[in-house]
Amino acid sequence: AHAIEAGLLDKMELMRPGFVRLSLPYFATKEEVDYVLAAVAEIADMGWRLLPLYRCNPKTGEWKHHLEMRSFPARKWLAHAPFLR
């Protein structure tokens, strides 16, 4: 618990709790909904096997596939846009 709190105080985005929202259209068939739910269950059960293929920047919480990762560029925030000053 102390390590998580220290990470949050150090602004380590990886340690922040998160959530996911899944939206399906009202016109989706039962088969389509079942397919999507089965895919979500598969990722929940077996997704950990994909972790070695990705690299994480713990400061920003960003994940990138190891083949696409060269370096993490500086994060750009809308609040820092020159036209807002």
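Residues numbered from 1 in each chain as written. Predicted model: local features only at pLDDT ≥ 70, side-chain atom pairs only at ≥ 80, totals over all residues. Heavy atoms only, no water.

Next up on the list: the overall build of the protein. A tally of regular secondary structure across the protein gives two helices and two strands. Listing each helix as α and each strand as β along the protein from the N terminus yields α-α-β-β. Sorting the 85 residues of the protein into buried and exposed places 6% on the buried side. Put simply, of all contacts in the protein between residues at least 6 apart along the chain, 28% involve residues at least 24 apart. (Helix = DSSP H or I, 4+ residues; strand = E, 2+ residues; numbered from the N terminus. Buried < 20%, exposed > 50% of the residue type's maximum accessible area, 1.4 Å probe, protein only. Contact = heavy atoms within 4.5 Å.)

Of the residues in the protein, 73% reach a pLDDT of 70 or more, and the chain-wide mean stands at 80. For the protein, helix α1 (residues 2-9) is the element with the lowest average pLDDT, namely 65, and helix α2 (residues 30-46) is the one with the highest, namely 95. (pLDDT = per-residue confidence, 0-100.)

Our focus in this paragraph is the pairing of strand β1 (residues 54-57). As paired elements, β1 and strand β2 (residues 62-65) share four bridges and run antiparallel to each other. Bridge pairing in β2 links Cys-56 to Trp-63. (Pairing = 2+ DSSP bridges.)

Here the focus is the packing of aromatic side chains. Per the stated rule, a full pass over the model turns up one aromatic pair. Ring plane angle 85° and centroid distance 5.3 Å describe the contact between Tyr-26 and Phe-27, whose orientation is recorded as edge-to-face. Looking at Tyr-26, the relative accessible area reads 79%, which means it is exposed. (Phe/Tyr/Trp six-rings, centres within 6.5 Å; stacked < 30°, edge-to-face > 60°.)

Using the criterion set out here, one finds one salt bridge in the structure. Across the salt bridge formed by Asp-34 and Lys-30, the nearest N and O atoms sit 2.8 Å from each other. Of this pair, Asp-34 and Lys-30 both sit in helix α2, separated by four residues, roughly a single helical turn. Accessibility expressed as a relative area gives 37% for Asp-34, which makes it partly exposed. The exposed category is assigned to Lys-30, whose relative accessible area is 59%. (Salt bridge = Lys/Arg side-chain N within 4 Å of Asp/Glu carboxyl O.)

Structurally, Val-40 is set in helix α2. Distance from Val-40 to Leu-22, taken between C-alpha atoms, is 9.5 Å for residues 18 residues apart in sequence.

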